[in-house]
Amino acid sequence: MSKIIDRNLVVGLDIGTSKISVAVGEITPDKKLSIVGVGNQPARGMDKGGVNDLNLVIQSIQRAVNEAELMADCNITSVYLGISGKHISCQNEQGMVPITDNEVIQEDVDNVIHTARSVPISAERRMLHVLPQEYSIDCQDGIKSPIGMSGVRMEAKVHIVTCANDMAKNIVKCVERCDLKADQLIFSALASSYSILTEDEKELGICVVDMGAGTIDISIFTGGALRHTAVIPVAGNQVTSDIAKIFRTPLSHAEDIKVQYACALRQMVSMEENIEVPSVGGRAARSMSRHTLAEVVEPRYQELFELIQEEVREAGLEDQIAAGYVLTGGTSKMEGVVEFAEEVFQMPVRVATPQDISGLHEYVNDPIYSTVVGLLHYGMQANEQHGNEIKTSEGVRSLGSRVVAWFKGEF
């Protein structure tokens, strides 16, 4: 494998319940993201975003990394790592500081964010992100960028995302056992938003719903800032399980049937269409109506959509997401999902694939890659903001240092 000299590379690693994805992106001279390598392997040893068999997860990560290294012709040494699971929680906080020199400088911004983040959290939890929402100077509210403005005191509102420390340690341990360094842990739905949302949607109000196999990750933006994050610990695997039980077919076949033939809305399926359903224990396959399959799938999708709607309502943000919902992730790909979701939410819905990429974009032009491509965008922005050039001689070096992360208000 050849060494990489002066290539601006960033690597994302998305460890999901059903699949592990690695993407290598090259930052071009005109600050665009070019996909140069992709690795994708079935995940073994994961359940609802958590590790339940360390060795199996390590093997799966290693295979996916090897695949991406081969395609990108590089030696991966560090990654931006996505994290999910029902242990993720969020809170909105605010802080206030006096302005030192009548005019806001970067140090004041850093200080006010540090004040806002200085809330007590239990020893079992770790801060993932501290994301500024808006600033106030004296009596002026809703300021996006306060540097250079005059005033006496400044307040900041921030969105804090935390996770269980043990869960984070386990997933980082898997990565380190593959001789990789985790540059930063990023909440999966936040990462997805980097690759699928437009600035207009964030400003108008949008709910990102990343529908995976084990979890549904939610992030809600209004006024250009993140307001709420949540994880629902039921998702696509529930649909597969329903098909397996009702059609009496093994889980692996149930997954294939779901992917190939299932529809989330029964009225979109013809009564005459039949499908072959494999049986268990060597029995002969049976012919079943595809309409019956839709009748099994539809109630489960209705339940998932109602859980999402309930989460948005409880956050008090249902009236503020004028741009509606953006669905992504493998479970969002089923026929009829958009039509059914619009029926339940009574709002515009679209299924999103990664945007603003070049290179091997056809490899990642699928909702299942939204998170891993979002991790690349996240890493690229971290690099741009802090002017940290990546010089790689032996492999892909770390993009941001811990000090940079501290100043940005994130770990």
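Reference entry: report on the structure contained in this document. Quantities reported herein were computed from a predicted structural model and do not represent experimental measurements.

### A short note on the pairing of strand E2 (residues 19-27)
For step 1, the next point in the chain: Of all nine residues that make up E2, eight are buried, and the element is covered over most of its length.
For step 2, the next point in the chain: Bridge analysis of strand E1 (residues 9-15) against E2 gives seven bridges, and the strand direction is antiparallel. Within the sheet, the bridge partner assigned to aspartate 14 lies in E2 and is serine 21.
For step 3, the next point in the chain: Taken together, E1 and the strand that follows it, E2, pair antiparallel across an intervening segment of three residues.
For step 4, the next point in the chain: Here E2 runs beside strand E3 (residues 33-42); their pairing, made up of nine bridges, is antiparallel.

### Quick word on the pairing of strand E6 (residues 78-83)
For step 1, the next point in the chain: With six of six residues buried, E6 lies mostly within the body of the structure.
For step 2, the next point in the chain: Neither face of E6 is open: one carries Ser78, Tyr80 and Gly82, the other Val79, Leu81 and Ile83, and all of them are buried.
For step 3, the next point in the chain: With two bridges connecting them, E1 and E6 associate as parallel partners. Among the inter-strand pairings, glycine 12 is bridged to a residue of E6, identified as tyrosine 80.
For step 4, the next point in the chain: Sheet topology note: the E6/strand E11 (residues 181-187) ladder contains six bridges and is parallel. In the sheet register, glycine 82 faces E11, and the bridge partner there is isoleucine 186.

### Let's talk about the packing of aromatic side chains
For step 1, the next point in the chain: Applying the stated criterion across every chain yields a total of six aromatic pairs.
For step 2, the next point in the chain: Taken together, a centroid distance of 5.2 Å and an interplanar angle of 65 degrees make the contact between tyrosine 194 and tyrosine 378 edge-to-face. Highlighted residues: tyrosine 194 in helix H4 (residues 188-196) and tyrosine 378 in helix H10 (residues 370-386), separated in sequence by 184 residues.
For step 3, the next point in the chain: Overall, the relative accessible area of 21% leaves tyrosine 194 in the partly exposed class.
For step 4, the next point in the chain: Classification of tyrosine 378 by relative accessible area gives buried; the value is 0%.
For step 5, the next point in the chain: An aromatic cluster is present here, built from Tyr301, Phe305, Tyr325, Phe340 and Phe345 joined pairwise through their rings.

### Focus: the environment of aspartate 356
For step 1, the next point in the chain: Residue placement: aspartate 356 occurs in the loop between strand E18 (349-351) and strand E19 (357-359).
For step 2, the next point in the chain: For aspartate 356, a relative accessible area of 63% puts it in the exposed group.
For step 3, the next point in the chain: Separated by 110 residues in the primary sequence, aspartate 356 and isoleucine 246 place their C-alpha atoms 42 Å from one another.
For step 4, the next point in the chain: Not counting the four nearest positions on each side in its chain, aspartate 356 is found in contact with Leu33 and His377.

### What to know about helix H9 (residues 337-345)
For step 1, the next point in the chain: Those residues of H9 that fall on the buried side of the exposure criterion are Val337, Phe340, Ala341, Val344 and Phe345. Within H9, the buried residues cover an arc of 120 degrees as seen down the axis, which keeps them to one side.
For step 2, the next point in the chain: The secondary structure elements touched by the buried residues of H9 are helix H8 (290-314), strand E17 (325-328) and E18.
For step 3, the next point in the chain: Residue glutamine 346 follows H9 closely and has a positive phi angle near 55 degrees.

### Section: the environment of cysteine 263
For step 1, the next point in the chain: Relative to the elements of secondary structure, cysteine 263 occurs in the loop between helix H7 (251-261) and strand E15 (274-277).
For step 2, the next point in the chain: The exposure class of cysteine 263 is buried, given its relative accessible area of 1%.
For step 3, the next point in the chain: Taking C-alpha positions, cysteine 263 is 4.9 Å from glutamate 335, a pair spaced 72 residues apart along the chain.
For step 4, the next point in the chain: Ignoring any residue separated from it by four or fewer positions in sequence, one finds cysteine 263 in contact with Met268, Val269, Arg290, Ala294, Val297, Met334, Glu335 and Gly336.

### Some details on the sheet that holds strand E7 (residues 89-98)
For step 1, the next point in the chain: The four strands are arranged E7-E10-E8-E9 in an open sheet whose pairing can be described as antiparallel. Each having just a single partner strand, E7 and strand E9 (140-143) make up the two edges of the open sheet. Taking the axes of each pair of neighbouring strands and ignoring which way they run, one obtains an average angle of 35 degrees across the sheet.
For step 2, the next point in the chain: Looking at chain direction, E7 and strand E10 (residues 153-164) are connected through 10 bridges and run antiparallel. For cysteine 90, the partnering residue across the bridge sits in E10 and is valine 161.
For step 3, the next point in the chain: Lying on the sheet, helix H3 (residues 165-176) is in contact with strand E8 (125-137) and E10; it crosses E10 at an angle near 65 degrees.

Thresholds applied
Residues numbered from 1 in each chain as written. Predicted model: local features only at pLDDT ≥ 70, side-chain atom pairs only at ≥ 80, totals over all residues. Heavy atoms only, no water. Buried < 20%, exposed > 50% of the residue type's maximum accessible area, 1.4 Å probe, protein only. Helix = DSSP H or I, 4+ residues; strand = E, 2+ residues; numbered from the N terminus. Pairing = 2+ DSSP bridges. Phe/Tyr/Trp six-rings, centres within 6.5 Å; stacked < 30°, edge-to-face > 60°. Contact = heavy atoms within 4.5 Å. Arc of directions from axis to C-beta. Axes fitted to C-alpha atoms, helices over the stretch in contact; angles between N-to-C directions.

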